[in-house]
Amino acid sequence: MKKIFLIIAILAMPFAAYAQGFRGFIDIFGGTQFGGGIDFPTYDVTNVKNDLAFGLNVTGGYQITNYLFAGIGFGGYAALIGATTHDDYYSERNRDAIPLHFPFYADVRWTLDIDRKITPFVDVKIGYQIVHNVDDGSIAYYRYNGELDYRYNDELYAKGKNGVYFMPSVGVRFGKASGFNLGIAYNACVGTKFLQNYEVSPDNYELREVAKTNKGVFMITFGADF
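This text gives an overview of the structure that appears in the document. (Residues numbered from 1 in each chain as written. Predicted model: local features only at pLDDT ≥ 70, side-chain atom pairs only at ≥ 80, totals over all residues. Heavy atoms only, no water.)

### Observations regarding the overall build of the chain
Inference 1: Counting its regular elements, the chain contains 1 helix and 14 strands.
Inference 2: For the chain, buried positions account for 42% of its 226 residues.
Inference 3: In the chain, the share of contacts with a sequence separation of at least 24, taken over all contacts with a separation of at least 6, comes to 67%.
Inference 4: Counting only carbon and sulfur atoms, one obtains 65% of the accessible surface of the chain, whose full area is about 12500 Å². (Helix = DSSP H or I, 4+ residues; strand = E, 2+ residues; numbered from the N terminus. Buried < 20%, exposed > 50% of the residue type's maximum accessible area, 1.4 Å probe, protein only. Contact = heavy atoms within 4.5 Å. Areas by Shrake-Rupley, 256 points an atom, 1.4 Å probe, with all protein chains shown as cover.)

### A short note on the pattern of salt bridges
Inference 1: Going through the model one piece at a time under the given rule, you end up with 8 salt bridges.
Inference 2: Note that Asp51 and Arg93 form a salt bridge whose closest N and O atoms lie 2.7 Å from each other. Note that Asp51 is positioned in strand 3 (residues 45–63) and Arg93 in strand 5 (residues 91–97), a separation of 42 residues in sequence.
Inference 3: Overall, Asp51 belongs to the buried group, its relative accessible area being 13%.
Inference 4: Salt-bridge contacts for Glu206 lead to Arg208; the nearest nitrogen and oxygen are separated by 2.8 Å.
Inference 5: The class for Glu206 is partly exposed, based on a relative accessible area of 34%.
Inference 6: Where salt bridges share partners, they join Asp107, Arg109, Asp123 and Lys125 into one cluster. (Salt bridge = Lys/Arg side-chain N within 4 Å of Asp/Glu carboxyl O.)

### Observations regarding a negative patch on the surface
Inference 1: A cluster of like negative charges, contributed by Asp87, Glu92, Asp96 and Asp136, occupies part of the molecular surface.
Inference 2: For Asp87, the location among the structural elements is in the loop between strand 4 (68–86) and strand 5. (Patch = residues over 30% accessible without salt bridge, like charges linked within 9 Å, V, L, I, M, F, W, Y side chains within 5 Å. Lys, Arg positive; Asp, Glu negative; His and termini not counted. Charge placed at Lys NZ, Arg CZ, Asp CG, Glu CD.)

### With respect to unusual backbone geometry
Inference 1: Located in the positive-phi region is Asp44, a residue other than glycine, with phi close to 55°.
Inference 2: When you line up the elements, Asp44 lands in the loop between strand 2 (38–40) and strand 3.
Inference 3: Overall, the relative accessible area of 26% leaves Asp44 in the partly exposed class.
Inference 4: Of note in the backbone geometry, Asn47 takes a positive phi value of approximately 55° without being a glycine.
Inference 5: Residue position: Asn47 is located in strand 3.
Inference 6: Look at Asn47 and you get partly exposed, because its relative accessible area is 26%.

This is the structure in structure tokens:
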């Protein structure tokens, strides 16, 4: 009987160690899209892009070994879409579209050695994100013969769109049992669609997609794990 209990205890040890390997992460981040954006010459609008993105991710999972963590998580971030509008006298940078993105993802993190006080890490999050547009996203009116035409059906809109979530990052962890993480991340897929109102019949309009982009945003991340 003692031998049976001993065998059961030995077999249970890996599962007990696995249960003790739970780890949680909270990360805040913010950054911008580098490079030029998309232009709409018909509307005298140029360089439409994600001027600023900022948000929060929460992840939970298991520290499988001193090097490998795997888990799942969710988050939320706002992307401020900026556009430069032009007229005969001046140019102005506006940020009138603010979609909210909500990603759900699987996360894998490689750490050089979790037992060291200072150690580098590489992290990859991949999943899917849904978008809620908090405003109509109007960024421009159509120009006709040099004059602004405020007809509703000629307005241009920028809205976030659902899609893949992919965010690799690299950085440094400070601490042992729990720690702080400082890194650089790239949110590779911040989708935006552009729509125009078309008159399909008198007093009847519908939004039609005229362009779309899927640009990335470079970000600084700061977080804690426990």
